[in-house]
Amino acid sequence: MTQNKPKLLIIEDDPGLQKQLKWSFDAYEVVVAGDREAALAQIRRHEPAVVTMDLGLPPDPDGATEGLATLQQILALAPATRVIVLTGNQDHANAVKAIALGAYDFHQKPCDSEVLNLVVKRAFFLHALQQENQRMLQMQADSPMAGLITRDAGMLKVCRNLEKVAPTTASVMVLGESGTGKEVLARALHQLSPRANNRFMAINCAAIPENLLESELFGYEKGAYTGAAKQTKGKVELANGGTFFLDEVGDLPMALQAKLLRFLQERVIERVGGHEEIPVDVRIVCATHQNLKELTTAGRFREDLYYRLSEIVVTIPPLRARLGDAALLAHHFKNKFSAQESRSGLHFSSEAMTAIETYGWPGNVREMENCIKRAVIMTDGPSISADDLGLAAAAPEDEPLNLRQVRDEAEYKAIVKALARVDGNIVKASELLGISRPTMYDLMSRHNIKSGA
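Residues numbered from 1 in each chain as written. Predicted model: local features only at pLDDT ≥ 70, side-chain atom pairs only at ≥ 80, totals over all residues. Heavy atoms only, no water.

Regarding the environment of V313
For V313, the location among the structural elements is in strand β14 (residues 312-315). V313 sits 27 residues away from C286 along the chain, and the two C-alpha atoms are 9.7 Å apart. (Helix = DSSP H or I, 4+ residues; strand = E, 2+ residues; numbered from the N terminus.)

Quick look at the structure:
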């Protein structure tokens, strides 16, 4: 059984030496190549962690030009590969050149199998450490919010900031356009906090009439007003020990702003029609799409309340600013609604995917969800077309002129968009980009792009 053994590639044009080396490495799954073309083919096919290679390869078996060229191409194709160069006693200069080009180590011929085995074993060990370190870096780059669907660097930074804040008692203000997922992140913040086992209560300040909002927030006593037939707790009190989420806090009436401020200062409430002070331990998270600083300047929002609520401010980027997330979310919602509506096998046409990526999404994730649900229901065939989506493409933006910046940004965007288009499938993304899987993994590593969807 060789499938569990590490793969070792031996590049040697002498059949006798090939056999000798192969016998020496029975702890590995050994593959062999006798020239540059065969070596590169084996690299692409097997992705070996370690390679041993003779610098004297045809058509220059007595020199090192072909071997050094092969080394360069191997490392360009699979930079993480550990290449051990085998040289003759008089080839010290070429060994130095090989190390300068990126070879891991060199070993002189004739080969001492015991020493070479130790060198190869250490190369595999260091490669494994490197891969583990890379996995850890990718995990750190991943969203700390379970279930959050994003690859955008800005959105991942928001998530990491919320993860830092979650264990604290600080009040958090979540800013962002309508539909960006402010309540989703507020609930995630609650789940990451020590209060996760207690209630998460939410109220939308813009959705409740002003004359009822105070009762909803703080509750009321029996007989407080006509129809108050029994004592009723408000949502702040019901959230005791947990998290209370005030959505669209910018629409909170001035009179209630004063009561909320007193609660934040004293941590006690009074029900409508009551006189008893009730202590409540609750963490406040609020959200708004409005500019509260402008509202305070206009006298429509209390400045002291603003500073109480905004101990930590987190701003969610709009969907149009989140690189690759439009396609990523489109696949997610397509899969979700296809299962709900029993429409398995649906896929996006290339025109539909282009429309998704270029549309501005003024309604953000909420608009995206509604759009894809409608398309899944209305499409007639197995392919969701651009007409099914009903979206208009946006005008292209100006690009920077700095060549290095253009190259790096284009490379990063292409990888993220390719992964999003194929729903995270590395093989398909590599084919779409016209590169090998090892190159794809290397580029993802260099740009710190996670592999999961």
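From this point on, the discussion continues.
Description of a negative patch on the surface
A contiguous patch of negative charge on the surface is contributed by D13, D14, D35 and E37. Within the secondary structure layout, D13 lies in the loop between β1 (7-11) and α1 (15-24). (Patch = residues over 30% accessible without salt bridge, like charges linked within 9 Å, V, L, I, M, F, W, Y side chains within 5 Å. Areas by Shrake-Rupley, 256 points an atom, 1.4 Å probe, with all protein chains shown as cover. Salt bridge = Lys/Arg side-chain N within 4 Å of Asp/Glu carboxyl O. Lys, Arg positive; Asp, Glu negative; His and termini not counted. Charge placed at Lys NZ, Arg CZ, Asp CG, Glu CD.)

Here we look at the packing of aromatic side chains
This structure, assessed with the given rule, holds seven aromatic pairs. Each ring, one from Y306 and one from Y307, has its centre 5.2 Å from the other, and the planes form 70°; the classification is edge-to-face. A relative accessible area of 10% means that Y306 is categorised as buried. When the ring centre of F263 is taken as origin, the NZ or CZ atom of R267, which lies over that ring, is 5.4 Å away. (Phe/Tyr/Trp six-rings, centres within 6.5 Å; stacked < 30°, edge-to-face > 60°. Buried < 20%, exposed > 50% of the residue type's maximum accessible area, 1.4 Å probe, protein only. Lys NZ or Arg CZ within 6 Å of the ring centre and 35° of its normal.)

Notes on the state of the cysteines
Here the structure, examined in full by the defined rule, presents zero disulfides. The cysteine C205 is free of any disulfide, with C286 supplying the nearest cysteine sulfur at 8.9 Å. (Disulfide = S-S within 2.5 Å.)

Quick word on the packing of helix α2 (residues 36-46) against helix α3 (residues 65-77)
Contact pair α2 / α3: the axes reach a minimum separation of 10 Å and the direction vectors enclose 20°. Of the possible angle classes, the one that applies to α2 and α3 is roughly parallel. The chirality of how α2 crosses α3 is right-handed. Within the contact between the two elements, α2 uses R36, A39, L40, I43 and R44 and α3 uses E66, A69, T70, Q73, I74 and L77. (Axes fitted to C-alpha atoms, helices over the stretch in contact; angles between N-to-C directions. Parallel < 35°, antiparallel > 145°, perpendicular 65-115°, else oblique. Left-handed = near helix turned anticlockwise from the far one by under 90°. Contact = heavy atoms within 4.5 Å.)

Observations regarding the packing of α3 against helix α4 (residues 92-101)
Contact geometry of α3 with α4 gives a least axis separation of 10 Å together with a crossing angle of 15°. Relative to α4, the element α3 is oriented roughly parallel. As α3 packs across α4, the resulting crossing turns out to be right-handed. Facing α3, whose interface residues are L68, L71, Q72 and L75, α4 presents N94, K97, A98 and L101. Class assignment for the residues of the contact of α3 with α4 results in five nonpolar, two polar and one charged. (Nonpolar A, V, L, I, M, F, W, Y, C, P; charged D, E, K, R; others polar.)

Some remarks on the pattern of salt bridges
For the coordinates displayed, the defined rule picks out 14 salt bridges. As a salt-bridge pair, E277 and R262 come within 2.5 Å of each other at their nearest N and O atoms. One end of the pair, E277, is in the loop between β11 (268-269) and β12 (278-279); the other, R262, is in helix α10 (residues 254-266), with 15 residues separating them in the sequence. The class of E277 is partly exposed, set by a relative accessible area of 43%. Assessed through its relative accessible area of 31%, R262 is described here as partly exposed.

Overview of unusual backbone geometry
Glycine aside, residues mostly have negative phi, and peptide bonds are mostly found in the trans state. At the junction of P58 and P59, the peptide bond is cis and its omega measures out at 10° in the coordinates. Within the fold, P59 resides in the loop between β3 (50-54) and α3. Phi at E47 is positive, roughly 50°, even though this residue is not glycine. Checked against the element boundaries, E47 lands in the loop between α2 and β3. Assessed through its relative accessible area of 31%, E47 is described here as partly exposed. The phi torsion at S342 lies on the positive side, around 55°, for a residue other than glycine. Note that S342 resides in the loop between α13 (325-340) and β15 (347-348). In this structure S342 comes out as exposed when scored by relative accessible area, which is 65%.

Looking at the side chain of K182
The residue K182 is located in helix α7 (residues 182-192) in this model. The side chain of K182 is buried and forms no salt bridge, while E248, the nearest opposite charge, is found at 4.7 Å. In this structure the side chain of K182 is engaged in a polar contact, spanning 3.2 Å, whose partner is the backbone oxygen of G176. If sequence neighbours within four positions are ignored, K182 has contacts with V174, L175, G176, E177, F245, D247, A287, T288, H289 and I316. (Polar contact = N/O pair within 3.5 Å; in protein donor to acceptor, adjacent residues only side chain to side chain.)

Observations concerning the nonpolar core
Core analysis: the biggest nonpolar cluster contains 31 residues, and L217, V236, F244, L246, F263 and L309 have the highest contact counts within it. Where this core is concerned, the elements lending two or more residues are β7 (200-204), α8 (210-218), β10 (243-247), α10, β13 (283-288), α11 (292-297) and α12 (303-309). The biggest single contributor to this core is α10, with five residues. In this structure F244 touches M201, I203, L217, K235, V236, A239, V282, R283, I284 and V285, once residues within four positions along its chain are discounted. (Core = buried A, V, L, I, M, F, W, Y, C linked by side-chain atoms within 4.5 Å.)

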